[in-house]
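# Descriptive analysis of the structure
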Amino acid sequence: MTEATYTVEGMTCGHCATSVREEVSELSGVRQVDVDVESGRVIVTSDTPLTAEAVSAAVTEAGYRLVA
């Protein structure tokens, strides 16, 4: 298992967190997604490391932006 932390821009509420959590959870191998709206931090636990491109695409699909 691996854990990675990302920063997402634009989240303001619980609905935002749910949207990001749902999209990132659909990535292959993802076991858990923890979202902190206040800090914008998203912690992803997965079987193997995820590419930044895959996470960025999922976050974009949810309507937000992954900060590099």
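Residues numbered from 1 in each chain as written. Predicted model: local features only at pLDDT ≥ 70, side-chain atom pairs only at ≥ 80, totals over all residues. Heavy atoms only, no water.

By size, the foremost hydrophobic cluster in this structure holds 19 residues, and its most contacted members are Val-8, Met-11, Val-20, Val-24, Val-35, Val-42 and Tyr-64. Of all the secondary-structure elements, those providing two or more residues to this core are β1 (2-9), α1 (14-25), β2 (30-36), β3 (41-46) and α2 (52-62). (Core = buried A, V, L, I, M, F, W, Y, C linked by side-chain atoms within 4.5 Å. Buried < 20%, exposed > 50% of the residue type's maximum accessible area, 1.4 Å probe, protein only. Helix = DSSP H or I, 4+ residues; strand = E, 2+ residues; numbered from the N terminus.)

Along α2, the residues classified as buried are Val-55, Ala-58, Val-59 and Ala-62. For α2, the arc enclosing every buried residue in end-on projection is 95°, short of the 170-degree limit, so these residues lie on one face. More than 90 degrees from the buried face of α2, the exposed residues found are Glu-53 and Glu-61. Considering only its buried residues, α2 is in contact with β1, α1 and β4 (65-67). (Arc of directions from axis to C-beta. Contact = heavy atoms within 4.5 Å.)

Along the chain, Ser-46 falls in strand β3. The exposure class of Ser-46 is buried, given its relative accessible area of 2%. The contact partners of Ser-46, leaving out residues within four places of it in the chain, are Met-1, Thr-2, Gly-29, Val-30 and Arg-31.

Bridge count between β1 and β3: six bridges; the pairing is antiparallel. Bridge pairing links Glu-3 to Thr-45 in β3. Between β2 and β3, which pair antiparallel one after the other, the connecting turn spans four residues, and Gly-40 there sits at a positive phi close to 80°. (Pairing = 2+ DSSP bridges.)

Right, let's get into the pattern of salt bridges. Summed over all chains, the structure comprises two salt bridges. The residue Arg-65 makes a salt bridge to Glu-9 at a minimum N-O spacing of 2.9 Å. You can see Arg-65 sitting in strand β4 and its partner Glu-9 sitting in strand β1, a full 56 residues away along the chain. For Glu-9, a relative accessible area of 41% puts it in the partly exposed group. The partner of Asp-47 in a salt bridge is Arg-31, with the nearest N and O atoms 2.7 Å apart. With Asp-47 in the loop between β3 and α2 and Arg-31 in strand β2, the pair connects residues that are 16 residues apart, well separated along the chain. For Arg-31, a relative accessible area of 57% puts it in the exposed group. (Salt bridge = Lys/Arg side-chain N within 4 Å of Asp/Glu carboxyl O.)

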